[in-house]
Amino acid sequence: MAATETGIAVGPELDKPYEPSQVEPRWAREWEQRGYFHAQDVSDRPPYCIVLPPPNVTGSLHLGHALTATIEDALTRWKRMSGFNALWQPGIDHAGIATQLVVERELLRTERKSRHDLGRAEFIRRVWQWKDQYGSRIAQQHRALGASLDWERERFTMDEHSSRAVREAFVRLYQEGLLYRSERLIHWCVKDRTALSDLEVEHEEHAQAELYKFAYPLADGSGEIVVATTRPETMLGDTAVAVHPDDPRYKAMIGKLVKHPLLDRTIPIIADAELVDPKFGTGAVKVTPAHSFEDFEAGKRNRLPMINILNLDGTLNENAGRFKGQDRIAARPAIKAALKELGLERGSEMHHLALGRCQRCEGVVEPLLSKQWFVKTKPLADPVIEAVEAGRIRFVPEQWKAELFRWLRNIHDWCVSRQLWWGHQIPAWYCEYGHVTVARETPRECETCHSGRLTQDPDVLDTWFSSGLWPFSTLGWPDDTPALRTFYPNSVMETGFDILFFWVARMAMLGLHFTGEVPFRVVFLHAMVRDKHGEKMSKTRGNVIDPLDLTAKYGADALRFTLASMAGQGRDIKLDEKRIEGYRAFANKIWNAARFVLRSADGYDPDRPAPPASVYDRWILSRFQRCADETRQAMEELRLNDAANGIYRFVWGELCDWAIELSKPALYGDRSPAERAGTQAALLQSLEGALRLLHPFMPFVTEEVWQRLPKRSFHAPSIMIERYPAPDSLLDPRAEAEMDALVRAIDGARSLRGEVNLPPNQAVPLVLVPRDGAAQRLFEAHRQAFSRLANASEVQVLAPGAPRPRQAAAHVEPEVEVHRRPKWSRRTAPARQSWKRNGTS
Ligand SMILES: [Zn+2]
Ligand SMILES: [Zn+2]
């Protein structure tokens, strides 16, 4: 182990293959300890801020997290190196329902107890205990990826400050009339026993569901009316039968009563043009306002009673008569049997049905009449539409803008109360007279009647309520802090498109409302990581790839580079392990290139690098400059894949494959000292610059190699705080054009070898026929390089227009034709002579 001037022990020797496991943990620790990840609250440097989407406290790093971390770390490192006061804000989400379930399961397994056995206070204590034990796992996994998050600022959605922000937001919305409590129809998860928001319900399409028909007998005995339904069991809660007012079949029946066949009540036949489509089923529908969203609206329009037939666990309640106590799913056949027995069954047909399932537990969700807290969303959504239309929030890729508008324009009020224990308990208290007191601090008395007997609402807030405040609550809001003033609005909100509505839209609504300013200027939505066949990864398919396995095998750099190079805007990533293996080889290629360059670095003075001496030197410096310019441009435009692929092409395809090969005669041959110094400087400069370009994507190998390179007297102690390559005056279009012609001709010569199946080590004689005098001079000048790189035993450059060797394999470029001299011809005839002989033919 050697020691560098910075005092850190240097890992593997350069003459061994690159070993990520010996390098990555060491640098991850070192960077953090030296405070490089920390951003200043106040600084002369321009601010740049990204807030990490807070992973769930229950989470373990999956490929989605790894992609997020790769993109956000690359952007943050790039900006930090470009002179910005860059903050990447870490945090953890308390993940209400997910965490509660994990701890409940654990409790049941180890102590055979439910949360009710423990009681609320003790259960919450256990969740905190669990959080202390396991909650930092994902943060450690982020560290291993090299994520340069400002860990000193790490936040938790349930920490003291975030909880204060949540109460502040709740109270303000309530006082402004934008938050209310009301009995309305909500989505109820029977398994999780909680209300859900619209977004937490996934709709499963069934093309072939049974549309069941049965008859309601008219109370006056004059006949019957047949209704069609996909949910026969809810007939226990029917409070009307509806028909279309213009339907001639039923016109005479409107206003009559039907007898409920299973319960002792009568219900009216009503006309409702909005609810009934005469072409659907029989043209008559049962109306269950307490168990269907459409019927609920119809119930309100027609002032129908709303009869709830369900208990919170999905069993039928006392309103279900003799069916009380049965589960609603088991009750369906029982109801059908009862109707059949009464002779009221009227057949069935197949029909399309969309079934709502809980996003978390996949249980069938029930529409249920229930008293919950709602955020009035329209007044919050309109300013977001305005801000996006005005370009104050930009979307990348832009197509998501339309999706967002569609959702915001049809937005429903947001049910924010959840019947859970783990989360932000709703800051509303009730007295014995039912008055509501909403307050920031626990109140002593009811604000209406001054009763001192108050009970707090037992429910907690939707987890997305606290994460909706994240871009500003993490920076100190509701206080006016220096960090908030510096880093708000955030620069970029980068996350998966799947939480555009859940999270991005709500941050935009709450951010604009509470701060009067957009929470972020750019929304950058990445695609999904799929398996190599393009299939979604899932436990049931068994194709889930664990990023931790990949980093153990190939190193974090290789995984990061793979994800970055494939993260094309809007395109899903089909992850093939071969590709990661390839980028591990890329890290090793850089390692080997450094070894070569350092072996001949003697006498090099980084403070006074020698000027380029040959076209090869000018070319590689120019190509570096071009790569740097294109990389910066791609980063600015959030085309991280273009940036990564451009750097890869430069390092592997130009620096390693060409510049290093072309440098050998100058470095080891009998060239002048000036030429040697020029080549040495060009190689070292372009390698050092390439490492800085690459650092945001492959932080570890670039740091490890960079530490070993000769450096200027005034340099940063780490590549991660060195300056990113800036615009320079190294561009040399003439050198590039000249080398371009040479490279294409050599590639052509190599492909000729391939076409005739020559072994790569067998040298062959080549003949070049240039187009004009300039091309002739060019290939004469580069004859030695051409011969070596094309592995030619001999290179003959003919005059322009000279006759081609007969029957020879050829490769044609605009400047030159490359011919392999045929075996039988030991030598072509002298050029001039053969031109004479063939010139007129
Ligand atoms: Zn559920
Ligand atoms: Zn009161």
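These figures come from a predicted structure and were not determined experimentally. (Residues numbered from 1 in each chain as written. Chains lettered and ligands numbered in written order. Predicted model: local features only at pLDDT ≥ 70, side-chain atom pairs only at ≥ 80, totals over all residues. Heavy atoms only, no water.)

Caption draft 1: Focus on the coordination of the zinc ion (ligand 2). Bound to the zinc ion (ligand 2) are the protein donor atoms C431 (SG), H435 (ND1), C446 (SG) and C449 (SG), situated 2.1 to 2.3 Å from the metal. Given the relative accessible area of 0%, C446 is considered buried. (Donors = N, O, S within 2.8 Å, 3.2 Å for Na, K, Ca; no water. Buried < 20%, exposed > 50% of the residue type's maximum accessible area, 1.4 Å probe, protein only.)

Caption draft 2: View of the coordination of the zinc ion (ligand 1). In the first shell of the zinc ion (ligand 1), the protein supplies C189 (SG), D192 (OD), C358 (SG) and C361 (SG), at 2.1 to 2.3 Å from the metal. For the zinc ion (ligand 1), the 4 donor atoms in the first shell make angles of 99 to 118° at the metal, so the coordination geometry reads as tetrahedral. All donors to the zinc ion (ligand 1) come from one chain, and their sequence spacing reads C-x2-D-x165-C-x2-C. In this pair, C189 sits in strand β7 (residues 179-189) while C361 sits in the loop between β15 (345-358) and β16 (365-375), placing the two residues 172 residues apart along the sequence. By the burial criterion, C189 is buried, and C361 matches it. (Tetrahedral: all angles 85-135°; square planar, octahedral: opposite > 155°, others 65-115°. Helix = DSSP H or I, 4+ residues; strand = E, 2+ residues; numbered from the N terminus.)

Caption draft 3: Representation of the sheet that holds strand β18 (residues 414-415) within the structure. Strands sit in the order β8-β7-β16-β18 across an open sheet of 4 strands; the sheet is antiparallel. With one partner strand each, in any of the chains shown, β8 (194-196) and β18 form the two edges of the open sheet. Alignment of β7 against β8, held across 3 bridges, turns out to be antiparallel. Among the inter-strand pairings, W188 is bridged to a residue of β8, identified as A195. (Pairing = 2+ DSSP bridges.)

Caption draft 4: Structural context of the sheet that holds strand β9 (residues 201-217). Ordered in space as β10-β9-β15, the 3 strands form an open sheet in which the pairing is antiparallel. In the strand order of this sheet, the two ends are held by β10 (224-229) and β15, each with one partner. Direction aside, the axes of adjacent strands within the sheet are offset by 20° on average. Bridge count between β9 and β15: 11 bridges; the pairing is antiparallel. Within the sheet, the bridge partner assigned to F214 lies in β15 and is E345. (Axes fitted to C-alpha atoms, helices over the stretch in contact; angles between N-to-C directions.)

Caption draft 5: Fine view of the packing of helix α17 (residues 556-566) against helix α20 (residues 640-668). At a closest axis distance of 6 Å, the pairing of α17 and α20 adopts a crossing angle of 120°. Classified by the angle their axes make, α17 and α20 are oblique. In this structure, α17 contributes F561, A564, S565 and M566 to the contact, and α20 contributes L640, N641, A644, N645 and Y648. Tallied by class, residues from the contact of α17 with α20 come to 6 nonpolar, 3 polar and no charged. (Parallel < 35°, antiparallel > 145°, perpendicular 65-115°, else oblique. Contact = heavy atoms within 4.5 Å. Nonpolar A, V, L, I, M, F, W, Y, C, P; charged D, E, K, R; others polar.)

Caption draft 6: Up close: the layout of surface pockets. Of the pockets and cavities examined, the second largest pocket occupies roughly 1,700 Å³. Every residue lining the second largest pocket is counted, 50 residues in all, and those nearest its centre are H291, S292, F293, E294 and P367. Elements represented by at least two residues in the lining of the second largest pocket include exactly β7, β9, β10, β14 (284-287), α8 (293-301), α9 (328-341), β15 and β16. Looking at the lining of the second largest pocket element by element, the count peaks at 7 residues for α8. Broken down by class, the residue content of the lining of the second largest pocket amounts to 20 nonpolar, 14 polar and 16 charged. (1 Å grid on protein atoms, 1.4 Å probe; cavity = no way out; pocket = protein on both sides within 12 Å on 5 of 7 lines; lining within 4 Å. Points joined across faces, edges and corners; volume = space filled by probe spheres on them.)

Caption draft 7: Region of the structure containing the side chain of T631. In this fold, T631 is placed in helix α19 (residues 615-636). Setting aside its immediate chain neighbours within four residues, T631 contacts A643, I647, L693 and Y724.

Caption draft 8: Spatial organisation of the nonpolar core. Membership of the largest hydrophobic core comes to 139 residues, with the highest contact counts inside it found for L75, L640, F697, F779, F786 and V818. Ranked by residue count, the leading element in this core is α20, at 13 residues. Excluding residues that lie within four positions of it along the chain, F786 makes contacts with L742, A745, I746, A749, L766, L768, F779, N791, V795 and V818. In terms of nonpolar packing, the next biggest core, distinct from the first, is built from 64 residues, L484, F487, L510 and L525 among them. (Core = buried A, V, L, I, M, F, W, Y, C linked by side-chain atoms within 4.5 Å.)

Caption draft 9: The packing of aromatic side chains, seen in detail. For the structure on display, the rule yields 31 aromatic pairs. Seen from their ring centres, W31 and F700 are 5.2 Å apart, and the 25° between their planes marks the pair as stacked. Here F700 lies in helix α22 (residues 699-706) and W31 lies in helix α1 (residues 20-33), a separation of 669 residues in the sequence. These aromatic residues form a ring-pair network of at least three members: F561, Y583, F586, Y648, W652 and F697. Between R409 and the ring centre of F405, over which it is positioned, the NZ or CZ distance is 4.7 Å. A cation over a ring is seen here: K711 above W706, with NZ or CZ 4.6 Å from the ring centre. (Phe/Tyr/Trp six-rings, centres within 6.5 Å; stacked < 30°, edge-to-face > 60°. Lys NZ or Arg CZ within 6 Å of the ring centre and 35° of its normal.)

Caption draft 10: Molecular detail of unusual backbone geometry. Each neighbour pair has its own omega, and for W477 with P478 the value is 15°, a cis peptide bond. Inspection of the secondary structure assignment puts P478 in the loop between α13 (470-473) and α14 (482-487). With omega at -5°, the peptide bond leading from Y488 into P489 counts as cis. In this fold, P489 is placed in the loop between α14 and β24 (490-496). For A95, which is not glycine, the phi dihedral falls at a positive 50°. Structurally, the position occupied by A95 is in the loop between β5 (91-92) and α3 (96-111).

Caption draft 11: Layout of empty space enclosed by the protein. Taken as a whole and judged by the stated rule, the model has 5 cavities of 30 Å³ or more. Its volume calculated, the largest cavity comes out at about 60 Å³. Lining of the largest cavity is provided by L67, F524, L525, H526, A527, A567, G568, Q569, G570, R571 and I573. Per-element accounting of the lining of the largest cavity gives the leading share, 3 residues, to strand β25 (residues 520-526). Looking at the lining of the largest cavity residue by residue, the classes come out as 6 nonpolar, 4 polar and 1 charged.

Caption draft 12: How the structure looks around the environment of H526. Position of H526 relative to the elements: it lies in strand β25. Exposure remark for H526: the relative accessible area of 9% places this residue in the buried category. It is 8.2 Å that separates the C-alpha atoms of H526 and D572, two residues lying 46 residues apart in sequence. Ignoring sequence-local partners within four residues, the contact set of H526 consists of G64, L67, T68, I71, E494, T495, G496 and F497.

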